[in-house]
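Chain and residue survey
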Amino acid sequence: MAAVGSVHPSALPAYPEQSVALARLQAFRAGLHACCTRRADALVDLADALLSAQGPVTSLPQLSLEPAHRRGWGSTYAALARGRIDAERLRDLLVGCLPAADPLVFAVDVTAWPRCDAECSPERGLYYHPSRHSAGQPIVAGWAFQWICQLGFARDSWTAPVDARRLHPLDDTDQTAARQIQALLGRLPAGGPVPWLVFDAGYDSAQLTLDLAEERVAVLVRLRSDRCFYADPPPRPPGAGGRPRRHGARFAFADPATWPTPTATHVATDDQYGTVTVQAWAGLHPKQHRHPGHGSGGPRPIVRGTILRVQVQRLPARTRPPKVLWLWWAGPAGLQLDLELAWRAYTRRFDLEHTVRFCKQTLGWTTPRPRHPAQADRWTWLVLAGYTQLRL
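To start, this report covers the structure provided alongside it. A quick note: this is a predicted structure, and the numbers were derived from the prediction, not measured. (Residues numbered from 1 in each chain as written. Predicted model: local features only at pLDDT ≥ 70, side-chain atom pairs only at ≥ 80, totals over all residues. Heavy atoms only, no water.)

**Points about the overall build of the chain**
Here is the rule we go by: Segments assigned H or I by DSSP are reported as helices when at least four residues long, segments assigned E as strands when at least two residues long, and all are numbered from the N terminus. It is over C-alpha atoms that the radius of gyration is taken, and the globule rule equals 2.2 Å times the number of residues to the power 0.38. Each residue's exposure class comes from its accessible area (1.4 Å probe, protein chains only) as a fraction of the maximum for that residue type: buried when under 20%, exposed when over 50%, partly exposed otherwise. Note on definitions: a residue-residue contact is assigned when non-hydrogen atoms from the two residues lie within 4.5 Å. Values of accessible area rely on a 1.4 Å probe in the Shrake-Rupley scheme; residue burial ignores everything except the protein chains shown. All tallies of charge rest on Lys and Arg as positive and Asp and Glu as negative; His and the ends of each chain are not included. In this description, the location of a charge corresponds to atom NZ of lysine, CZ of arginine, CG of aspartate or CD of glutamate.
Across its full length, the chain carries 10 helices and 14 strands. Against the 2.2 N^0.38 benchmark of 21 Å for 392 residues, the chain shows a C-alpha radius of gyration of 23 Å, consistent with a compact globule. For the chain, the residues scored as buried account for 48% of the 392 residues in total. Counting only contacts in the chain whose residues sit at least 6 apart along the sequence, the fraction spanning at least 24 positions is 67%. With the model as given, the accessible surface of the chain reaches about 19,100 Å², and the carbon-plus-sulfur share is 52%. Each charge class in the chain was averaged separately, 45 positive and 33 negative side chains, and the resulting centres sit 4 Å apart.

Pasting the structure below:
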């Protein structure tokens, strides 16, 4: 099958044995066909046409004219409308073909599929969009999908998507992410390295840590530069009355006078970022506002983590001065925080944004205009499967 080899901005290193690479690709294609439980041939033909199209995908009728699409144009719409894809089985297939990595680093983010004119399409919500605006605001009506992709540390922008779940307008993004991560952990081999999950500033670091407290996973979340955290209060003097203190010294990002001596410091030299300085303060916690007991009158939970401050000498593009990066890290008991891995893992998070943009602009993920969200789900799985075939 012909693949769009020139559509991605960078190339993967060649496999040492071509026969092994072809065997993995054939096994994936056979598994993809098995995941399609209704109109399987039409769905796989649509995925093949997606990959063999010359240039960006502009419409579904365009795909029906590709040589790889062996059926009439009506089967394209019928496959999305009446086909069936076993999503759980396809998630197992995507996890099964992940590249070997130690440590495992995954990125989680939400992206919108704009459907502003589809007023009768169900389950639309209002979401942020960086380029489209409504009434002067960067807000669009449409569907939102939460992606999870494995990241790598090679000098390329390839990732390995393992999940893309559509969010209902009433869904809590953090809780949905926690459920997706728990399902992903159940698919990963037991006894492997502790996975790291990297999030942008739109996620609640304390809520994610609380939801994943029982899981064998590390959480790395970007924080806004105006946040405040607190240390544990000092021991209570004997015989002191009144309510015990729950929060100790204040740690304000914008006020260096409130910063105590870092518990750990790491300095590295990088050819892209120059001198990188990472400072860590362990045992800090925020004042929780979103928690399971909200409104019950009970005490708020204390969620402790490590605050990281990353300062780089320059940015790779060198178009603007670098800003200080604040991160939250929390992991299972016994896991040692690697400051070198922490700042490098977050810089690789942007590969997920390149993957989503590639799927939208070249593979045409948001190009079709399906009427029902179930059709959008099937097309999304075909795009993820197509992207995985390109990587393989």
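Read on, since the account is not over.
**Examining the packing of helix α4 (residues 73-82) against helix α10 (residues 373-391)**
Using the following cut-off: All axes are obtained by fitting lines to C-alpha atoms, using only the stretch in contact for helices, and the reported angles, taken between N-to-C directions, cover 0 to 180 degrees. Orientation categories follow fixed angle ranges, with anything under 35 degrees roughly parallel, anything over 145 roughly antiparallel, 65 to 115 roughly perpendicular, and all other angles oblique. Charged means Asp, Glu, Lys or Arg here, nonpolar means Ala, Val, Leu, Ile, Met, Phe, Trp, Tyr, Cys or Pro, and polar covers whatever is left, Gly included.
Contact geometry for α4 and α10: axes closest at 7 Å, N-to-C directions at 110 degrees. Taken together, the axis directions place α4 and α10 in an arrangement best described as roughly perpendicular. Seen from α4, the contacting residues are A79, L80 and A81; seen from α10, they are Q375, R378, W379 and L382. Class assignment for the residues of the contact of α4 with α10 results in five nonpolar, one polar and one charged.

**Description of the state of the cysteines**
Let me state the cut-off plainly: Count a disulfide wherever a pair of cysteine sulfur atoms falls within 2.5 Å.
In the structure shown here, the tally under the stated rule is zero disulfides. A disulfide-free cysteine, C35 has its sulfur positioned 6.7 Å from the sulfur of C36, the nearest such atom.

**Regarding the pattern of salt bridges**
Definition in use: Salt bridge criterion: a side-chain nitrogen from Lys or Arg within 4 Å of a carboxyl oxygen from Asp or Glu.
In total, this model carries 19 salt bridges according to the counting rule given. The closest approach of N and O atoms between R91 and E88, which form a salt bridge, is 2.7 Å. Here R91 and its partner E88 are both found in helix α5 (residues 87-96), three residues apart, which amounts to about one turn of the helix. Its relative accessible area of 41% is what places E88 among the partly exposed residues.

**As for the side chain of S75**
Counted only if it meets this: N or O atoms closer than or at 3.5 Å make up a polar contact, with two conditions inside protein: a donor-capable atom paired with an acceptor-capable one, and, for residues adjacent in sequence, both atoms drawn from side chains.
Along the chain, the position of S75 falls in helix α4. Of the residues examined, S75 reaches a relative accessible area of 16% and is grouped as buried. Within polar-contact distance, the side chain of S75 engages the backbone oxygen of G72 at 2.8 Å. Look past the residues within four positions of S75 in its chain and what remains in contact with it is A42 and H69.

**Quick look at the nonpolar core**
Using the following cut-off: We define a nonpolar core as any set of buried Ala, Val, Leu, Ile, Met, Phe, Trp, Tyr and Cys residues linked to one another through side-chain atoms lying within 4.5 Å.
Grouped together as the largest cluster of nonpolar side chains are 72 residues, with contacts concentrated most on W147, W196, L220, L308, W365 and W379. Once residues within four sequence positions are removed from consideration, W365 is found in contact with T111, W113, F145, W147, V356, C359, K360, W379, T380 and V383. One finds L184, L188, F229 and F251 within the second-largest nonpolar core, a separate group that totals 34 residues.

**Here's the deal with the pairing of strand β3 (residues 105-114)**
We apply this condition: Paired strands, in this sense, are two strands between which DSSP finds at least two bridges.
Where burial is concerned, most of β3 is hidden: nine out of the 10 residues are buried. As defined by bridge partners, β3 adjoins strand β7 (residues 196-199) across three bridges and the pair is classed as parallel. Along β7, the bridge assignment pairs V105 with W196. Both β3 and strand β5 (residues 139-150) contribute to a ladder of nine bridges, which runs antiparallel. Within the sheet, the bridge partner assigned to V110 lies in β5 and is Q146.

**So, the side chain of T111**
Relative to the helices and strands, T111 resides in strand β3. At a separation of 2.8 Å, a polar atom in the side chain of T111 contacts the side chain of K360. Setting aside residues no more than four positions away along its own chain, T111 makes contact with W143, A144, F145, W147, V356, K360 and W365.

**Digging into the packing of aromatic side chains**
For the record, the criterion: Working definition: a ring pair exists when centres of Phe, Tyr or Trp rings (six-membered ring for Trp) sit within 6.5 Å. Plane angles under 30 degrees give stacked, over 60 give edge-to-face, the rest tilted. Distance and angle both matter: a charge sits over a ring if NZ of Lys or CZ of Arg is within 6 Å of the ring centre and within 35 degrees of the ring normal.
For the structure shown, the criterion picks out 21 aromatic pairs. Geometrically, the ring pair formed by W158 and Y387 is tilted, given 5.3 Å between the ring centres and 45 degrees between the ring planes. Taken together, the positions of W158 in the loop between β5 and β6 (160-167) and Y387 in helix α10 put the pair 229 residues apart, joining distant regions of the chain. Y387 carries the same exposure label as W158, and that label is buried. Among the aromatic side chains, those forming a connected cluster through ring pairs are F229, F251, F253, W259, W281, W326 and W328. Here R349 stacks its cationic end above the ring of F350, 5.0 Å away from the centre of that ring.

**Quick look at helix α9 (residues 350-361)**
An α-helix turns once per 3.6 residues; consequently, residues spaced three or four apart project the same way. Note the cut-off: A helix is expected to span 1.5 Å multiplied by its residue count minus one.
Counted at 1.5 Å a residue, the expected span for α9 with its 12 residues is 16 Å, and the 17 Å between its end C-alpha atoms agrees. Within α9 the residues assigned to the buried category are D351, L352, T355, V356, F358, C359 and K360. Taken together, the buried residues of α9 touch β3, β5, β6 and α10.

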